[in-house]
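Architecture at a glance
What follows is each chain in one-letter form.
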Amino acid sequence: MNNISEQAKFFFDACETGKGWEGCQAYCHPEATFSAQADALGDIKTLEGYTEWMKNLLTPIPDGHYDLKFFAADTERNCVSAFAVFHGTQTGPGGPGEPTGKTVAAEYVYAMHFDENRIKHMTKIWNDGVSLRQLGWA
């Protein structure tokens, strides 16, 4: 496995298990940027902000976990992509209202662009509307 693949796997697991920026920053440039064409993430522009958002998501969805379906590196372009499904049930506080007890199965892709073996930018491809409806949040 090349170094960007290894770094991406470590980052992906740390991010998806709620380690926040503290657990993810070793794999990222300090000023790493973030983008997503999803309203729920519209205000987040840094990878630090996104990792903290993921950490906070595990409060209303404490059993949140991922099922990694695909993982590949394009070393010519210094990119790594991961496709996964995030599963969980809203049983904790912190959603837009009282816990709904509803579950989510959110399909998403991370496209991570590397510079000098650290993530410089990440794009999340995710249909937030489907996930919010599954949870009863929209």
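The text that follows walks through the structure, step by step, so that each part is easy to find. (Residues numbered from 1 in each chain as written. Predicted model: local features only at pLDDT ≥ 70, side-chain atom pairs only at ≥ 80, totals over all residues. Heavy atoms only, no water.)

**Regarding the packing of aromatic side chains**
One pass over the structure, following the stated rule, counts nine aromatic pairs. Both rings, one in Tyr-50 and one in Trp-53, keep their centres 5.9 Å apart while their planes meet at 20°; by these two values the pair is stacked. Linking Tyr-50 with Trp-53, this pair stays in helix α3 (residues 47-57), spanning three residues, or about one helical turn. For Tyr-50, a relative accessible area of 0% gives the class buried. Using a relative accessible area of 23% as the deciding quantity, one classes Trp-53 as partly exposed. Members of the aromatic cluster, connected to one another through ring pairs, are Phe-12, Phe-34, Tyr-50, Trp-53, Tyr-66, Tyr-108, Tyr-110 and Trp-126. Across from the ring centre of Phe-71, 4.8 Å away, lies the NZ or CZ of Lys-9, which sits over that ring. The ring of Trp-126 is capped by Lys-124, whose NZ or CZ atom sits 4.5 Å from the centre of that ring. (Phe/Tyr/Trp six-rings, centres within 6.5 Å; stacked < 30°, edge-to-face > 60°. Helix = DSSP H or I, 4+ residues; strand = E, 2+ residues; numbered from the N terminus. Buried < 20%, exposed > 50% of the residue type's maximum accessible area, 1.4 Å probe, protein only. Lys NZ or Arg CZ within 6 Å of the ring centre and 35° of its normal.)

**Some details on α3**
One turn of an α-helix holds 3.6 residues; hence residues three or four places apart share an orientation. All of the buried residues along α3 are Leu-47, Tyr-50, Thr-51, Met-54 and Leu-57. Along the axis of α3, the buried residues cluster in a sector spanning 115°; they form a single face. Each element contacted by the buried residues of α3 is listed here: α1 (3-16), α2 (20-24), β1 (28-36), β3 (79-89), β4 (103-115) and β5 (118-126). (Arc of directions from axis to C-beta. Contact = heavy atoms within 4.5 Å.)

**Topic: the nonpolar core**
Counting residues in each nonpolar core, the largest one holds 36 residues, and the members touching the most others are Phe-11, Leu-47, Tyr-50, Phe-86, Tyr-110, Met-112 and Met-122. Looking at this core, the elements with two or more residues in it are α1, α2, β1, α3, β3, β4 and β5. Aside from chain neighbours lying at most four places away, what touches Phe-86 is Glu-16, Met-54, Leu-57, Leu-58, Ile-61, Gly-64, His-65, Tyr-66, Val-104, Ala-105, Ala-106 and Tyr-108. (Core = buried A, V, L, I, M, F, W, Y, C linked by side-chain atoms within 4.5 Å.)

**Points about the pattern of salt bridges**
Under the counting rule described, the total for this entry stands at two salt bridges. Across the pair Arg-77 and Asp-74 runs a salt bridge whose closest N-O atoms are separated by 2.8 Å. (Salt bridge = Lys/Arg side-chain N within 4 Å of Asp/Glu carboxyl O.)

**Some details on the state of the cysteines**
Applying the stated criterion to the full structure yields zero disulfides. Cys-24 provides the cysteine sulfur closest to Cys-28, a residue in no disulfide bond, and the two sulfurs are 6.2 Å apart. The closest cysteine sulfur to the non-disulfide-bonded Cys-79 is located on Cys-28, 14 Å from its own sulfur. (Disulfide = S-S within 2.5 Å.)

**Examining the side chain of Gln-7**
Its location among the elements puts Gln-7 in helix α1. Not counting chain neighbours up to four residues away, the residues in contact with Gln-7 comprise Ala-26, Tyr-27, Phe-114 and Asn-117.

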